[in-house]
Amino acid sequence: MFYSLALSIMLSGFWLVNSGHYNPLMLFFMLVSVLFVVFLCHRMDVIDGESQPLNLTFTIPTYWLWLAKEVVLANIAVARNVWQGPESISPMLVYVKAGQKTDLGMVIYANSITLTPGTITIDQQGKQLTVHALTREMAADMLKGEMDRRVSRVEG
Amino acid sequence: MFAITAVAILVVMALALARAFLGPTLYDRILAVNNFGTKTVLLLAVMGFLSGRPEFLDIAIVYVLINFISVIGILRFFEYAGKKTAEEEA
Amino acid sequence: MAILIDIISWILLLAGSFFCFTGGVGLLRFPDFFSRIHAASLTDTLGAGLILIGLMFQAGWGLVLPKLILILLFSAITGTTASHAMAKAALKSGLQPQVVGSVKSESGGAPSNS
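Residues numbered from 1 in each chain as written. Chains lettered and ligands numbered in written order. Predicted model: local features only at pLDDT ≥ 70, side-chain atom pairs only at ≥ 80, totals over all residues. Heavy atoms only, no water.

**Some remarks on the overall build of chain A**
For chain A, the count of helices and strands is 6 helices and 3 strands. Put simply, chain A runs from its N terminus to its C terminus through helices and strands in the order α-α-α-β-α-β-β-α-α. For 156 residues, the compact-globule estimate of 2.2 N^0.38 gives 15 Å, and the C-alpha radius of gyration of chain A, at 20 Å, exceeds that figure by more than 25%. Expressed as lengths along the three principal axes of its C-alpha atoms, the size of chain A is roughly 60 × 35 × 25 Å. (Helix = DSSP H or I, 4+ residues; strand = E, 2+ residues; numbered from the N terminus. Rg over C-alpha atoms; globule rule 2.2 N^0.38 Å.)

**Points about the domain arrangement of chain A**
By the assigned domains, chain A splits into domain 1 (2-44) and domain 2 (55-155). The gap between the C-alpha centroids of domain 1 of chain A and domain 2 of chain A is 35 Å. (Domains from an automatic or database assignment.)

**Observations regarding the interface of chain C and chain A**
Between chain C and chain A, the contact holds 43 residues from the first and 45 residues from the second. Carbon and sulfur atoms make up 71% of the area that chain C and chain A hide from each other, which totals about 3,900 Å². Broken down residue by residue, the surface that chain C buries against chain A is led by C:Arg29, C:His38 and C:Val103, which jointly contribute 16%. The tally of links from chain C across to chain A stands at 2 salt bridges. Ionic pairing is found between C:Lys88 and A:Asp123, a salt bridge with its closest N-O pair at 3.9 Å. Here chain C is connected to chain A by 8 residue pairs in polar contact (both at pLDDT 80 or more). Taken together, the elements giving at least two residues each to the side of chain C that touches chain A come down to helix 1 (2-29), helix 2 (33-59), helix 3 (64-92) and strand 1 (101-104) of chain C. If you tally residues by element for the side of chain C that touches chain A, the top one is helix 3 of chain C, at 12 residues. (Contact = heavy atoms within 4.5 Å. Buried area = accessible area lost by both parts, 1.4 Å probe. Salt bridge = Lys/Arg side-chain N within 4 Å of Asp/Glu carboxyl O. Polar contact = N/O pair within 3.5 Å; in protein donor to acceptor, adjacent residues only side chain to side chain.)

**Topic: helix 1 (residues 2-19) of chain A**
All names here are of chain A. The terminal C-alpha atoms of helix 1 lie 26 Å apart, and with 18 residues this matches the ideal 26 Å at 1.5 Å per residue to within 8%. Ser 4, Ala 6, Leu 7, Ser 8 and Ser 12 are the residues of helix 1 that are buried. Close packing links the buried residues of helix 1 with helix 2 (24-44). (Expected span 1.5 Å × (residues − 1). Buried < 20%, exposed > 50% of the residue type's maximum accessible area, 1.4 Å probe, protein only.)

**With respect to the nonpolar core**
By size, the foremost hydrophobic cluster in this structure holds 34 residues, and its most contacted members are A:Tyr63, A:Tyr109, A:Leu129 and A:Met147. Where this core is concerned, the elements lending two or more residues are helix 3 (60-84), strand 1 (92-97), helix 4 (103-115), strand 3 (128-133), helix 5 (136-144) and helix 6 (146-155) of chain A together with helix 2 of chain C. The element that contributes the greatest number of residues to this core is helix 3 of chain A, accounting for 7 residues. If we skip the residues at most four places from it in the chain, A:Met147 touches A:Tyr63, A:Trp66, A:Leu67, A:Tyr109, A:Ser112, A:Ile113 and A:Thr116. Formed by 29 residues, the second largest nonpolar core is a distinct cluster that contains B:Phe49, B:Ile61, C:Cys20 and C:Ile51. (Core = buried A, V, L, I, M, F, W, Y, C linked by side-chain atoms within 4.5 Å.)

**Focus on the environment of A:Leu143**
Residues and elements named next belong to chain A. Secondary-structure assignment places Leu 143 in helix 5. Residue Leu 143 is classed as partly exposed on the basis of its relative accessible area of 33%. In sequence terms Leu 143 and Leu 56 are 87 residues apart; their C-alpha atoms lie 25 Å from each other.

**Points about the packing of helix 3 of chain A against helix 2 of chain C**
Viewed as axis vectors pointing N to C, helix 3 of chain A and helix 2 of chain C meet at an angle of 135 degrees, and their least axial separation amounts to 10 Å. With respect to each other, helix 3 of chain A and helix 2 of chain C are oriented oblique. Crossing hand, helix 3 of chain A versus helix 2 of chain C: left-handed. Contacts from A:Val71, A:Val72, A:Asn75, A:Val78 and A:Ala79 in helix 3 of chain A reach C:His38, C:Leu42, C:Thr45 and C:Leu46 in helix 2 of chain C. Across the contact of helix 3 of chain A with helix 2 of chain C, the residue classes tally to 6 nonpolar, 3 polar and no charged. (Axes fitted to C-alpha atoms, helices over the stretch in contact; angles between N-to-C directions. Parallel < 35°, antiparallel > 145°, perpendicular 65-115°, else oblique. Left-handed = near helix turned anticlockwise from the far one by under 90°. Nonpolar A, V, L, I, M, F, W, Y, C, P; charged D, E, K, R; others polar.)

**Side note on a negative patch on the surface**
Residue and element names in this part refer to chain A. A cluster of acidic residues, Asp 45, Asp 48, Glu 50 and Asp 103, forms a negative patch on the protein surface. With respect to the helices and strands, the residue Asp 45 is situated in the loop between helix 2 and helix 3. The class for Asp 45 is exposed, based on a relative accessible area of 62%. (Patch = residues over 30% accessible without salt bridge, like charges linked within 9 Å, V, L, I, M, F, W, Y side chains within 5 Å. Areas by Shrake-Rupley, 256 points an atom, 1.4 Å probe, with all protein chains shown as cover. Lys, Arg positive; Asp, Glu negative; His and termini not counted. Charge placed at Lys NZ, Arg CZ, Asp CG, Glu CD.)

Dropping the structure here:
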């Protein structure tokens, strides 16, 4: 029930942002469509803590700031590699263990790796992630496990 | 300034199309087409500001999602196609 | 004040265009599929991000701003997922990445402290 309410509030906010028409008829249509979507989600059985990770609300913003900084730095490194030409890259495969306890934590970790240019998660078996890194330095950074620790802390 | 950004995005789209034509493997082409799609979204957003009509942003939002779904759909399709040829070779 | 905001947004737009162009060049220059994904993710993250943030400075307060934030959010999430799906599909179909070597983390990632 709590998650249904949270989903309704989120969907209403989404509708209000995208619409720009606020007369009573339109707001009635909003109510009908939000209730219909919540009913559909309820039927699909996807309303739970996994689709709406509300327990991360207070821990994840600082992680996002850190991730944004990492993404900018990695972008500059990859841009330098592009202009130096194909000779400057040394692709490596890195096998790392994900230290997170929940599936959601592992998804955040794997997606953060992919979001950072220069490293991409290409496979996952159990807790072992296969990562393709563009250069040796990026592979070495990956092995230090800084991101892994931070995601584990976010997960709580 | 919007015009310069729009021209830069168009050049990048041309480069992505070149990779789509050259690409030795199927996945290179899919990557290029996906990149072309994300650049289309940026172009739509910039065009909205260039012509002073922010309604273009709604189309851009829808295009992001359609682009994602179409790429996943194409990958799904060729995933099975690849398996079939692998079985035939085996 | 208005001129200052204009200058900031112009710098962001130009930097975003530069990163997009770099990604496009990398898409042509890099030798194999798995390294080309890195070039494509360059345009997806910082290229798109800088251009959209530059547009946000021009938009001012209103309904345009949250829409730009939504586009940024969606493109970040869908771009990541699409890159991973492409890499995984390519690997599963038998395309081998050209690598100079591979390393395995011995310590097993982060020490879990709870």
